[in-house]
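Coordinate inspection notes
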Amino acid sequence: MKYLFLLLCPLVCWGAVDFQTAESLFEQGKVVECHKLIGRLFHSSEARKLTETQRMRLVAIQEYLSGSSPELIEETLKEARAFTKRKGVLTLDLLNYSTVLVRRAADWKKRAIPEYQELSDLANELLEHIRDEGDPAIALKVILLKTKNHNLNGEYRIPIKLISYSLQFYYPKRVLQSRNIPDGALRLLMLGGEQYEGLAALNSDVGEKVQAYSTASKYYLRAINGTSPSSPFFQQLSDRLHYCKETLRLLGYDLKLPSRIKPRSRIDIHLIDEMLSNSRFQDIVIALENNYDLSMQIRYAVALAALGDFEKLSVLKEHLVFSEETKDFILDIARYCLAAGKNEDGLFFLQKYLAVTPSGPEATLVYMDCARLVATQEQYKEAADYLLKLAEMNKAMKEEATWGAAKYLYLANDLEACLKLSEEFPDKARFTILASRTCMRRGEENRALQKLEELLKQKEMSAAEKTEALELAIACARKHAPSKAMEYCWTLLKENPEFQSNFPYAALLPELYSKNPAGEKACYALGELMLKHQYAHPELVPFLVKCAEKISSESLKEKLLEKIPAKRKLSAGEQLALLAIISSEKAQCDFLQRHVVPLNNTPEIIALFLMRGNLYLRTAQYEKAVSICENLQKLPAGKSFDCKILRARISHAQKQYKEARQAYQELLLHDLPPDQKKQIVLELAQCCEKSGEAAQAIAVAWSVVPLVEVNLKSEEAKTLKLLLELIIRCASQIGSQEDQQDAQMLLEQLKNSKSKPPV
C-alpha cells in the first residue's frame, strides 16, 4: 500500500524543504519521524505553500504511516477512542471521521494489522450515532460506510437488509421502475448486487452460489434498465452482469442478458481480476485450472499462492512468463509465499520481479527483502550485493543500504570489502565503529584504536554509539596501552555507572592496576562507585575483594565495606569472603552486626556462625558466643567437631573448668590428626593447670609428647614447646624434679632441631 500511494501520486517539483524531508524519511522507512514531521507541517504556515498534489500525497503517506509501527497504531486507536466519547459532535464531522476510520480499517486489514477490528468497531459505533433526519444523501453515505465496514468482517446479510429497507423507504416502486433512476438508487442497487456476490463467494454449495449470483444479476438488471447508455454507470453495470453471467456459466448455469448489454474486451480477464480483487481464489482455481493462456497463468499462480497450494505453484512457476505488465502479480505471489514461510519460492518471485522492474519504489522494498532472505541462508555476500544495487538505484537509501551491505560483508568475513565500504562515510559513527571492528578482526588493533580515538573526540554521537566505541577502545588498548584502557573504563563507568553491561569493565580495572599501579584512592573510588550504582550485582563481592587487595590501608578497606548498603542481602559465602580481607576484630564485629543472616543447616551459614562465635570469644563477648553455640547445637551440623571445640573454649574462657575439661576429653575421643590432637591436649592441660591440678596437667601433657626426637611441622613444634613449658611449670609447683628435668631436656632438643616447614 505504501508504494501504491507513491505510484498513484505523480511526481512534481517539490517546493517546500519540509515536504522533501518528509518524502525522504518515508522512503528510508523512518516511520515515527515522518509521521511527526507531516503533522507539524500541516499545522505550520508552510501548509499554505503546498500544492494540492503535495497535500494529497502527504495525506496518503500519513494514512499509511498510521499503521506502520506499534507506537503509531496505538496513537491512532487512542485518538479514535477519544473521538467516539465526545458529546455534541456535528453530523458532518461524525460522517467524515467515520469515513476515515472505515477506510483506515480496510487498509489495516489488507496489511494484516490485527487492530483493524477495533477501528472497525469504533467506526460502527460512530455510524450508529448518525441521524440522517430524512436526508437521502446522508442516509446513502451512512449505508455505504456501514456496508463497507460489515464487509470487512465477512458480513453481507446485515447490509442486504439495510439496503432493502432504504430502497423501500426513500425510493417508491415507480421510481425504481422508471427509465431514469436517481443516482442514489443506482448506487444502492449496485451495492445490493455486490452483497449477493459476496455471499456467493462465501458459500461452497453450488446451488447457493447460483442463487446468490442470480439475485445479484437481478439487482444489476433493475439498475441498468433505469440507466442511460451514456451514463458512467451503464458500462460498469454491463461488466458486472457479464461477470455474473461468466461465473454462472462456469457453474453450469446460463444467464440470458439483453443484447444491448455488451462487456468490455476480454471479459474473462476482467472477470478474473474482479475475483482477485475480492479474494475469490478458489473460484479462480476452478476457472483457470485448464486455461493455458499466458495472461491467465500468472493469475492462476496468484490464486494458488493465496490458497497455499505451493506444490502446484512449484510446477507452474517454471512455465510462467514474467514481464513489466505482470509485475504486480509477481509481487503478490512473492508476498503470499513469504507469509506462508515459503522463503525459497518467495525469493524466486522477488528475483523475477527485480528482473522485470529493477527500479522504482516497490523495488526498494524488494531489494531489502531479497537481502534478508539470502542472509537467512548465510549467503551474506549475495545479501550485500542486493543492498549495494539498492544503494546505487535509490540515492535516498544509499547510506542505509551501504550500512547493511557492510555488515553482511563483515559476517561473510570479506574484511577488505567491508573496510572499504565502512570508510565511505567517515563522518558517521556507526561506520567508523564497524571499520574498527574489522581492523581488530584483521589483527590491526593499533589502527582500530587510532580510528576510535578520533571518533571519541567527536560530539555528534548517540549514547549507544559512544558506549560501543569505548568498549572497542578498551579491547584494543587492554594489552598494549593499559593506561588508555583504564581511562576509557573510567569514562564508560562514569557516564553510565548503573548499566549492568558496564560492570565487567569495572571488574577489569583492578586487573589493569596490577600492570599499571594506581593509588589506593582510585581503587576505593571504584568500589564506592559500584556500591552506589550496582550494589545488587551478583559479582559485586568478588569485585570488592579485588579492590580491597589493592588497598593497603586497613581504615580504607573498613570504610569501603561500611558503604555496603543494608538492602544488599549478603549471603554467608559473601560475608566470609569479605571478612577475610578485614584484619581488625572490631571492624569484623561491626560488619557482622550490620549484615545478619538467619541460621540454617547449610555448610556456609554454619561456617559463618562458627566464625562469629570465635570472634565473640576472642573479643570476650562470651554471652553472644554462648548464644551462637546453643543455636548451633540445635542443628544436625551443630554437633560437629568445630562446634564442640568452640563450646569447650568458651567454657575455658569463662573459667568453667569442669565443663571445659569434660568437653576437651570428649573431643579427644575423635580420630584426630596429630597436630590437632596436640592442640586439644594443650588446651586440656592448660585447663587442669588453671584449676589447680598440676599433677593432672603434667599427665595430660606427657600423653602427646614424643620421648625421642622426631621431625615436626612448625605448628606442631610450637604446640609441643608450649606443652613442655607447661610441664616444667607444673613440675616446679609440685616438686617433681624428674618431670622437670625430662621436659627441660626435650625442650633443649626441640630448640636445637630444625622443624619441617609447614605443609
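Residues numbered from 1 in each chain as written. Predicted model: local features only at pLDDT ≥ 70, side-chain atom pairs only at ≥ 80, totals over all residues. Heavy atoms only, no water.

Across its full length, the protein carries 41 helices and zero strands. Along the longest, intermediate and shortest principal axes, the C-alpha atoms of the protein span 150 × 60 × 60 Å. Buried positions account for 48% of the 759 residues belonging to the protein. The centroid of the 102 positive side-chain charges in the protein is displaced by 3 Å from the centroid of its 99 negative side-chain charges. (Helix = DSSP H or I, 4+ residues; strand = E, 2+ residues; numbered from the N terminus. Buried < 20%, exposed > 50% of the residue type's maximum accessible area, 1.4 Å probe, protein only. Lys, Arg positive; Asp, Glu negative; His and termini not counted. Charge placed at Lys NZ, Arg CZ, Asp CG, Glu CD.)

Inspection of every chain in the model, using the stated rule, returns 12 aromatic pairs. Pairing Phe-322 with Phe-349 gives two aromatic rings, centres 6.1 Å apart and planes at 75°, and the pair type is edge-to-face. In this pair, Phe-322 sits in the loop between α17 (310–316) and α18 (327–339) while Phe-349 sits in helix α19 (residues 343–356), placing the two residues 27 residues apart along the sequence. Classification of Phe-349 by relative accessible area gives buried; the value is 0%. Judged by centre distance (6.3 Å) and plane angle (15°), the ring pair of Tyr-380 and Tyr-408 falls under stacked. Taken together, the residues span a long stretch of sequence, with Tyr-380 in helix α21 (residues 380–393) and Tyr-408 in helix α22 (residues 398–411) at a distance of 28 residues. One aromatic cluster in this structure is built from Tyr-165, Phe-169 and Tyr-170. (Phe/Tyr/Trp six-rings, centres within 6.5 Å; stacked < 30°, edge-to-face > 60°.)

Because an α-helix completes one turn every 3.6 residues, residues spaced three or four positions apart along the sequence face the same direction. Look at helix α24 (residues 429–441): 19 Å from first C-alpha to last across 13 residues, which is about the 18 Å you get at 1.5 Å a residue. Burial of α24 is extensive: 10 of the 13 residues sit out of reach of the surface. Along α24, the positions that sit buried rather than exposed are Ala-429, Arg-430, Phe-431, Thr-432, Ile-433, Leu-434, Ala-435, Ser-436, Thr-438 and Cys-439. Where α24 is buried, its residues meet α22, α23 (415–422), α25 (445–456) and α26 (463–480). Immediately downstream of α24, the backbone of Gly-443 shows phi near 85°, a positive value. (Expected span 1.5 Å × (residues − 1). Contact = heavy atoms within 4.5 Å.)

Turning our attention to α18. With 13 residues, α18 should reach 18 Å at 1.5 Å per residue; the first-to-last C-alpha distance of 18 Å fits that figure. Of the residues trailing α18, Gly-341 is marked for its positive phi of about 80°.

Among the nonpolar cores identified, the biggest contains 103 residues, and Ile-333 and Phe-349 are the most heavily contacted of them. Broken down by element, this core gets its largest block of residues, nine residues, from helix α11 (residues 183–202). Ignoring sequence-local partners within four residues, the contact set of Phe-349 consists of Leu-313, Lys-317, Leu-320, Phe-322, Ile-330, Ile-333, Ala-334 and Cys-337. (Core = buried A, V, L, I, M, F, W, Y, C linked by side-chain atoms within 4.5 Å.)

Take the packing of helix α37 (residues 657–667) against helix α38 (residues 674–690) next. Running from N to C, α37 and α38 cross one another at 155°; their axes reach a closest spacing of 10 Å. In terms of axis orientation, α37 runs roughly antiparallel to α38. Every pair of crossing elements has a handedness; the one defined by α37 and α38 is left-handed. Contact residues: Tyr-657, Ala-660, Arg-661, Tyr-664, Gln-665 and Leu-667 in α37; Ile-680, Glu-683, Leu-684, Cys-687, Cys-688 and Lys-690 in α38. Across the contact of α37 with α38, the residue classes tally to eight nonpolar, one polar and three charged. (Axes fitted to C-alpha atoms, helices over the stretch in contact; angles between N-to-C directions. Parallel < 35°, antiparallel > 145°, perpendicular 65-115°, else oblique. Left-handed = near helix turned anticlockwise from the far one by under 90°. Nonpolar A, V, L, I, M, F, W, Y, C, P; charged D, E, K, R; others polar.)

Moving on, we get to the environment of Met-440. Tracing the backbone through its elements, the reader meets Met-440 in helix α24. Of the residues examined, Met-440 reaches a relative accessible area of 21% and is grouped as partly exposed. Distance in space between the C-alpha atoms of Met-440 and Gly-341 is 37 Å, their sequence separation being 99 residues. Apart from residues no more than four positions distant in its own chain, Met-440 is found in contact with Ala-448, Leu-472, Ala-475 and Cys-476.

Moving on to the pattern of salt bridges. The final tally for this structure, using the stated rule, is 36 salt bridges. Between Glu-495 and Lys-466 there is a salt bridge whose closest N-O contact spans 2.6 Å. With a gap of 29 residues between them, Glu-495 in helix α27 (residues 482–495) and Lys-466 in helix α26 connect regions that are remote in the sequence. On the basis of relative accessible area, Glu-495 is assigned to the partly exposed category, the value being 39%. Exposure remark for Lys-466: the relative accessible area of 25% places this residue in the partly exposed category. One salt-bridge network, in which partners are shared between bridges, spans Glu-416, Glu-423, Arg-442, Glu-444, Arg-447 and Lys-451. (Salt bridge = Lys/Arg side-chain N within 4 Å of Asp/Glu carboxyl O.)

Its location among the elements puts Thr-147 in helix α8 (residues 136–152). Residue Thr-147 is classed as buried on the basis of its relative accessible area, which comes to 1%. Not counting residues up to four positions away in its chain, the partners in contact with Thr-147 are Pro-159, Ile-163, Leu-191 and Gln-195.

Moving on: the environment of Lys-342. Mapped onto the elements of the fold, Lys-342 is located in the loop between α18 and α19. Taking the C-alpha atoms as reference points, Lys-342 and Phe-310, separated by 32 residues in sequence, lie 8.3 Å from one another. Ignoring any residue separated from it by four or fewer positions in sequence, one finds Lys-342 in contact with Phe-310 and Cys-337.

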